[in-house]
Amino acid sequence: MSVSLRVLKWLLLAELLYLLLVNAALRVDFTQDVVNSIRPDKFHVSWDSAWSWFPWRVHARGIHAHGQSWRQQWEVRAEAASGAISLLPLLAKRVHLSALDATDVTYRQRPRLRADKDYTAIRGYFPPIADRDMLPADTSPRKHRRPWTVRIDDGRVSGQLSYWIYNLSGSGSGKAVVDLAYRSRGGPLSLDVRDMDLDLQPALLNGAEELFHGGKVAGSVGFEPFVPREHKGVSMMPFLYGDIEVDLLAESLGFIGLFTGNLSELVVDGAGRVRGRLHYSLGYLLEGTDLSVKATDLSVAINDMQLRGQGAVDLRSSGVEVTPLALDIAYEALTVTRDADAAPFLEGDSLQLTFTGSNYIVVEAGTDANALLHDDSYKRRRQHSTLQLLIDDASLVDVTVLNDYLPETAGVKLTGGTAQLQADVFAGLQNMEGGLQLDGEGLALQVEGQDLRADLAVDLVLSGGAPGELKLALDGSRITLDEVRVVGAEQTFEDQLWAAQVHFSEARAHLGQPLHLRAETDLRVSDTRPLVTLFNNQRRSPGWLSRMLTVTDIEGAASLELDGQHLRIVDARMLGDKAEIAARAGFYPGGREGMIYARYNKLDAVLKLEGEDSNIDLLRAREKFETYQLAPAAAP
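Residues numbered from 1 in each chain as written. Predicted model: local features only at pLDDT ≥ 70, side-chain atom pairs only at ≥ 80, totals over all residues. Heavy atoms only, no water.

Chemist: Which parts of the structure should I look at to understand the overall build of the chain?
Modeler: Of the regular secondary structure elements, the chain holds 7 helices and 34 strands. Split into buried and exposed, the 636 residues of the chain put 39% on the buried side. (Helix = DSSP H or I, 4+ residues; strand = E, 2+ residues; numbered from the N terminus. Buried < 20%, exposed > 50% of the residue type's maximum accessible area, 1.4 Å probe, protein only.)

Structure (C-alpha cells):
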C-alpha cells in the first residue's frame, strides 16, 4: 500500500472518529451540563440540536445563551447558527469564532442596578432575561485575573431580528456582516457592521413611545476600539464611523442635536420622514452626506423659546474646505412661544435658519453655548461658521413681549396690538450684517402711566459686530412713531400728520446680562404737542409753560447710554422754530435725576429732577444747565 493511500486511510478514520465522538457529544445533555458548570454565574448556553461535519465547525438549532458581567446582564437566541471555533486559544482565555452564520436572532440586555443611580422611571421597562433575577451591580474588589478576549470574524446574521436593550425595543428583518473584538474586565471593544440591509419595524421607548415608525437602513457602521466603561452616550461619537442610506418615519428628531453640537441652548425635535445618506467618521461628517427631514411637527427650542410647525431640515457635507457642513431648518408655517407663556407671540408662514461651518460635530451633551464661546479649540473650528436667518412674513401677535426687552426706567410700555416682522440676518463669529423690520399699526402704549395709540416702525440695521462676543453694531437703525393719539382727562391730541424719528448714527450694543447700549442719535419731530398733552394730563401747569414747551419742526441730537435698568441721556439738544429743548438725565429703578432745559424766544427755564420730585427754576437757567454734570454710570 502506497504512502498516499495509508495517509488517506488514516484521514478517513480520523474523520469517522471525529464524526462519531463530536456528534455524540453534541447530542447528549451531559455536554451542555459540563459547559454550563464552568461559570454558571457568568454564562449558560443550550441548544436543541447540533452537529458537525468538519473539524471545529459546528451547526446548531434552537441556540439560547444568557449571562452577566459585573454591570450587565444579557441574553441571545438564534433559530439556527453555524461557525468555526479555534480550540487551542481557549487555553489562553481567547475565544475566536469565524465564518459565523446566524438566522432569526433575538438579543436582550439590561443593567445590573447601581446604588448611585435611580432606575425608578424605567426599571419596569427592562427586558426579562431567562433564569436570571435582576441583581445589584457587583462592586466587590476585582481579583487580578487574565481577562477573556472574544473575537468574531465574518459573522453573518439574517432573517428576523429583534432587540430589547434597557428600555428600548424593536425588530426587523434583513442581513448584515459583523466583526467584533472585545476584552473583558474593562478592556476595549471594536465593532464593524457592513453589507447591512435592514427593514425595520417600530422602535419603542418604555414600551409605548415610538422613536421611529419603521423604515429601511443600508450600508455600514462601526466603532474603532474604545473602552465602553469610560465612554458612554455621545462620548462614543469620536470612535463611531458609518456610511448608511436611511428611509425612516421618525417619531423623534432629537438625533439632529448630534449635528448642532448637542448645545443645551439649541434643541431640535419633532416627527417626520428622514431620507438620504449619512457619511460619518470619528467625529467628522464627511463629503457625500445629504440627509433630509420632512416634518409635520418640527420643534426647535432656542433658550426659552419654542418654534413649532410644519417644515424641513436638510443636512449636507460637501468638499468645501473651510465650511463643509450646511444645516438648513426651514418652516412653511410656524408659531413661536416662550416657555413662560401659554400662547404664542409670533406666527409666520416662512422662516429659515441656515448654518454653515466645520464638519467636526462632536460636543459633549448639554454643553453651554456661552462656555464654548470662550473655548479656544472650539473657536478655531468655528471661526468661519455662519448663521443666516430669513423671516419673509411673520406676525407679532402679542407686542407686549417686547416689554421684557425694554428697560423699566424708560417709562414706556406696549399694552396691545400686533405688528409685522421681517428679517434677513447673516452672522459669523466676528461679523454680522443684515436687518430686522417691525411695523405695527394702532399699537397701544402707556407712557408714564397714560394711555396712547400710535403706529410704530422699527428698522434695525445690523452693520457689524462680533456675535461670538455678543457685540453688535447698529449704525443706521431707525425708529419712527406717527399717527399718535393721546386721550387724557385734561387734554386730547390726535394728528395723522404728526411724526417723530430717531436715527442711530452710531450705536454699539453688548447683549450680555445686563444689556449695555451706547448710542449717538439724530432726532426729527414734527412738534412737541403729544408730549405737552402728556405733560398737562400728568400735572396742572401754567399756560405759559405749555406754550413754551410747544415747539415745531424740531431737529436735534442725543447721546444715550443703557446699562441694564439704568438709562442715561448723557446730552440731548433739540431746536425748533422759536424754541430749544435740552436734557441731561438718568432714570433708574426707584428714581431719576437730571435737568431739562427749555427756551421759548427769550424766556427759558430748567426742570430739575431728583428722585420722585421735580421743580422749575427760572433764574440763570442756561448757565445752570450747561454747568450741570450727570452722575457717572454705575459699574456694570
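After presenting the structure, the write-up continues.
Chemist: Sorry if this is basic, but what is going on with the side chain of T521 here?
Modeler: Here T521 shows up in strand β28 (residues 516-527). On the basis of relative accessible area, T521 is assigned to the buried category, the value being 2%. When residues no more than four places from it in sequence are discounted, the contact partners of T521 are V502, H503, F504, S505, G556, A557, A558 and L560. (Contact = heavy atoms within 4.5 Å.)

Chemist: Even after reading the chapter, I still don't get the packing of aromatic side chains, so can you show me in this structure?
Modeler: Any two aromatic rings considered together are summarised by their centre-to-centre distance and by the angle between their planes. The tally for this structure, following the rule as stated, stands at 6 aromatic pairs. Aromatic side chains F226 and F239 sit 5.6 Å apart centroid to centroid with 25 degrees between the ring planes, which places their arrangement in the stacked category. Taken together, the residues span a long stretch of sequence, with F226 in strand β10 (residues 209-226) and F239 in the loop between β10 and β11 (240-250) at a distance of 13 residues. Linked through ring pairs, Y119, F126 and Y166 together constitute an aromatic cluster. (Phe/Tyr/Trp six-rings, centres within 6.5 Å; stacked < 30°, edge-to-face > 60°.)

Chemist: Would you explain helix α2 (residues 29-36) in this entry?
Modeler: Helical periodicity: at 3.6 residues per turn, an α-helix aligns residues three or four positions apart in one direction. Residues of α2 that are buried: T31, Q32 and N36. Considered in projection along α2, the buried side chains sweep an arc of 125 degrees and stay on one side of the axis. Among the exposed residues of α2, those pointing more than 90 degrees away from its buried face are F30 and D33. (Arc of directions from axis to C-beta.)

Chemist: Which parts of the structure should I look at to understand the pattern of salt bridges?
Modeler: Where charged atoms from two side chains of opposite charge approach closely, those side chains can pair. One pass over the full model with this rule turns up 30 salt bridges. Residues R277 and D243 are paired through a salt bridge, measuring 2.8 Å at the closest nitrogen-oxygen approach. Of the two residues, R277 is situated in strand β12 (residues 266-281) and D243 in strand β11; the sequence distance between them amounts to 34 residues. On the accessibility criterion, R277 (26% relative accessible area) is partly exposed. Residue R622 pairs with E580 through a salt bridge whose shortest N-O separation is 2.6 Å. Within this pair, whereas R622 is found in helix α7 (residues 621-627), its partner E580 is found in strand β31 (residues 579-588), the two being separated by 42 residues in sequence. A relative accessible area of 32% places R622 in the partly exposed class. (Salt bridge = Lys/Arg side-chain N within 4 Å of Asp/Glu carboxyl O.)

Chemist: Explain a positive patch on the surface to me, please; I cannot follow it from the model alone.
Modeler: Taken together, the side chains of R71, K117, R229 and K232 make up a positively charged region of the molecular surface. Position of K117 relative to the elements: it lies in the loop between β5 (94-111) and β6 (149-165). You can call K117 partly exposed: its relative accessible area is 46%. (Patch = residues over 30% accessible without salt bridge, like charges linked within 9 Å, V, L, I, M, F, W, Y side chains within 5 Å. Areas by Shrake-Rupley, 256 points an atom, 1.4 Å probe, with all protein chains shown as cover. Lys, Arg positive; Asp, Glu negative; His and termini not counted. Charge placed at Lys NZ, Arg CZ, Asp CG, Glu CD.)

Chemist: Got a minute to help me understand the environment of G272 in this structure?
Modeler: Residue position: G272 is located in strand β12. Of the residues examined, G272 reaches a relative accessible area of 13% and is grouped as buried. Through-space distance from the C-alpha of G272 to that of T296 is 6.1 Å; in sequence the pair is 24 residues apart. In this view, G272 contacts L248, L249, A250, L253, K294 and A295; residues no more than four positions away in its chain are not counted.

Chemist: Would you mind going over the nonpolar core with me for this structure?
Modeler: Grouped burial of nonpolar side chains is what soluble globular proteins tend to show. With 78 residues, the main nonpolar core has L253, L298, L315, I329, Y331 and L396 as its most contacted residues. Broken down by element, this core gets its largest block of residues, 6 residues, from strand β16 (residues 325-338). Ignoring anything within four residues of it in the chain, the contact list for I329 reads V268, L298, V300, A312, V313, L351, Q352 and L353. L462, F504, A507 and A509 belong to the second largest nonpolar core, which has 10 residues in total. (Core = buried A, V, L, I, M, F, W, Y, C linked by side-chain atoms within 4.5 Å.)

Chemist: For this particular structure, what's the right way to read the confidence of the model for the chain?
Modeler: Segments scoring low in pLDDT should not have their predicted coordinates read at a detailed level. On average, residues of the chain score 84 in pLDDT, and 86% of them reach the 70 mark or higher. For the chain, the element scoring lowest by mean pLDDT is helix α3 (residues 369-372), at 49; strand β8 (residues 189-200) scores highest, at 96. (pLDDT = per-residue confidence, 0-100.)

Chemist: Help me understand the side chain of R110, please; the structure alone is not making it clear to me.
Modeler: Inspection of the secondary structure assignment puts R110 in strand β5. The side chain of R110 sits in the buried core without any salt bridge; D133 is the nearest counter-charge, 6.3 Å away. At 2.9 Å, the side chain of R110 and the backbone oxygen of P127 are in polar contact. Excluding its chain neighbours within four sequence positions, the residues that come into contact with R110 are Q72, Q73, F126, P127, P128, I129, R132, D133, M134 and Y166. (Polar contact = N/O pair within 3.5 Å; in protein donor to acceptor, adjacent residues only side chain to side chain.)

Chemist: In this structure, what is going on with the pairing of strand β21 (residues 432-447)? I would like to understand it.
Modeler: Every other side chain in a regular strand lies on the same face of the sheet, so the side chains alternate between the two faces. Sheet topology places strand β19 (residues 412-416) next to β21; 4 bridges connect them, and they run antiparallel. The residue of β21 that forms the bridge with L414 is L445. Two elements, strand β20 (residues 419-428) and β21, share 9 bridges in a ladder whose sense is antiparallel. If you follow D424 over to β21, its bridge partner there is G435. Taken together, β20 and the strand that follows it, β21, pair antiparallel across an intervening segment of 3 residues. (Pairing = 2+ DSSP bridges.)

Chemist: When you look at the pairing of β31 in this model, what are you seeing that I'm missing?
Modeler: For β31, the tally of buried residues reaches 8 of 10 residues, placing the bulk of the element in the interior. Judged from the 7 bridges that link them, strand β30 (residues 566-575) and β31 form a sheet pairing that is antiparallel. In the strand pairing of β31, I569 is matched with A585. Where β30 folds back on β31, the antiparallel hairpin that results is connected by 3 residues. Summarising the sheet, β31 and strand β32 (residues 591-600) pair through 10 bridges and their orientation is antiparallel. Bridge assignment links R584 to a residue of β32, and that residue is M595. Turn length for the β31-β32 hairpin, with the two strands adjacent in sequence and antiparallel, is 2 residues, and the turn residue G590 shows positive phi of about 90 degrees.

Chemist: Before we go on, may I ask you to explain a nonpolar patch on the surface in this structure?
Modeler: Judged by side-chain polarity, L13, L16, L17, L20 and L21 come together as a nonpolar surface patch covering roughly 490 Å² of accessible area. Tracing the backbone shows L16 in helix α1 (residues 3-27). Looking at L16, the relative accessible area reads 46%, which means it is partly exposed.

Chemist: What should I look at first to understand the environment of D393 in this one?
Modeler: Mapping D393 onto the fold places it in strand β18 (residues 386-396). For D393, a relative accessible area of 35% gives the class partly exposed. For the pair formed by D393 and D349, sequence separation is 44 residues and the distance between their alpha carbons is 6.2 Å. Here Q420 takes part through its side chain, which lies 3.1 Å from a polar atom of the side chain of D393.

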